[in-house]
Amino acid sequence: MARQLIILLFIFINIGCAKDVVTDFNSAVNYGGYKTYEFATFSTTQATTLDGKRIEDAIATQLYTKGLTGVNENADLLVRHSIVEQSDFQTYGTSFGFGYRHRSVGVAYSTPTQIREYRYGKIIVELIDTETNSVVWRSTSQRKLTETMTPSSRKTFIDTQINEMFKEYPPR
């Protein structure tokens, strides 16, 4: 019994330590050479969304703390961000149970009664070297930006995720 509790505790600790962001970068790049940045422009028919503005503000804050300066043209880095929309399905009414007691075992199953699709977004930020026109750094949020969040909770969520993304920038 003690062994099972230790295994269960180990599983919960590993789940709690899962990373909120995944970052990839080009290790051959000298990140100290980048001094300026600008945001990639959207097409003239596409407006900046409320969340897009929140993301840009959070990125600007992080890059400022890293010593980079925002400019309108001829920057060293081009910052491109997006919210990739994804969806999952939730079922209601499905249950599967397994239980045991001294000398008896029980199993139960019921079929789903309802299926609901819910949508969420994952934040992606890319830094592009303007001289080579190649992505040199990319980070993706693993947490879900949901439609049901309030404006203040969306801002807090975005600020937290962008902070996590840039925590290890510039890469060593």
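Since the structure is predicted, the reported quantities are computational estimates derived from the model, not experimental observations.

Draft legend 1. Structural view of the packing of helix α2 (residues 50-65) against helix α3 (residues 151-166). Two elements in contact, α2 and α3, have axes whose closest approach is 9 Å; the angle formed by their N-to-C orientations is 40°. As summarised for this structure, α2 and α3 are arranged oblique, according to the angle between their axes. By crossing handedness, the relation of α2 to α3 is classed as right-handed. For the pair α2 and α3, the contacting residues are Asp 51, Arg 54, Ile 55, Ala 58, Ile 59, Gln 62 and Leu 63 in the first and Pro 151, Arg 154, Lys 155, Ile 158, Asp 159, Ile 162, Asn 163 and Phe 166 in the second. When grouped by side-chain class, the residues that make up the contact of α2 with α3 number eight nonpolar, two polar and five charged.

Draft legend 2. Region of the structure containing the pairing of strand β2 (residues 36-39). The side-chain alternation of β2 yields two buried faces, one formed by Thr 36 and Glu 38 and the other by Tyr 37 and Phe 39. Taken together, the two bridges between β2 and strand β3 (residues 69-70) define a ladder with parallel strand orientation. Among the inter-strand pairings, Tyr 37 is bridged to a residue of β3, identified as Gly 70.

Draft legend 3. Summary view of the pattern of salt bridges. Taken as a whole, this structure holds seven salt bridges when the rule is applied. A salt bridge links Asp 51 to Arg 54, with the shortest nitrogen-to-oxygen separation between them at 2.6 Å. Linking Asp 51 with Arg 54, this pair stays in helix α2, spanning three residues, or about one helical turn. On the basis of relative accessible area, Asp 51 is assigned to the buried category, the value being 10%. A salt bridge links Lys 53 to Asp 57; the shortest N-O distance between them is 2.9 Å.

Draft legend 4. Main features of unusual backbone geometry. The linkage connecting Tyr 169 with the following residue, Pro 170, adopts the cis geometry, with an omega of -5°. Along the chain, Pro 170 turns up in the segment after α3. Despite not being glycine, Asn 74 has its phi angle at roughly 55°, a positive value. Note on placement: Asn 74 falls in the loop between β3 and β4 (77-92). A positive phi is found at Asn 133, a non-glycine position, where the angle reads about 55°. For Asn 133, the location among the structural elements is in the loop between β7 (114-129) and β8 (134-141). Here Asn 133 falls in the exposed class, since its relative accessible area comes to 64%.

Draft legend 5. Representation of the confidence of the model for the chain in the model. This prediction gives the chain a mean pLDDT of 81; 78% of its residues lie at or above 70. Ranking the helices and strands of the chain by mean pLDDT puts β2 first, with 94, and helix α1 (residues 2-16) last, with 51.

Draft legend 6. Representation of the nonpolar core within the structure. Of all hydrophobic cores here, the largest spans 25 residues; its most connected members are Ile 59, Val 125, Trp 137, Ile 162, Phe 166 and Tyr 169. Only β2, α2, β4, β7, β8 and α3 provide two or more residues apiece to this core. Top element by residues in this core is α3. It accounts for five residues.

The rules we used
- Residues numbered from 1 in each chain as written.
- Predicted model: local features only at pLDDT ≥ 70, side-chain atom pairs only at ≥ 80, totals over all residues.
- Heavy atoms only, no water.
- Axes fitted to C-alpha atoms, helices over the stretch in contact; angles between N-to-C directions.
- Helix = DSSP H or I, 4+ residues; strand = E, 2+ residues; numbered from the N terminus.
- Parallel < 35°, antiparallel > 145°, perpendicular 65-115°, else oblique.
- Left-handed = near helix turned anticlockwise from the far one by under 90°.
- Contact = heavy atoms within 4.5 Å.
- Nonpolar A, V, L, I, M, F, W, Y, C, P; charged D, E, K, R; others polar.
- Buried < 20%, exposed > 50% of the residue type's maximum accessible area, 1.4 Å probe, protein only.
- Pairing = 2+ DSSP bridges.
- Salt bridge = Lys/Arg side-chain N within 4 Å of Asp/Glu carboxyl O.
- pLDDT = per-residue confidence, 0-100.
- Core = buried A, V, L, I, M, F, W, Y, C linked by side-chain atoms within 4.5 Å.

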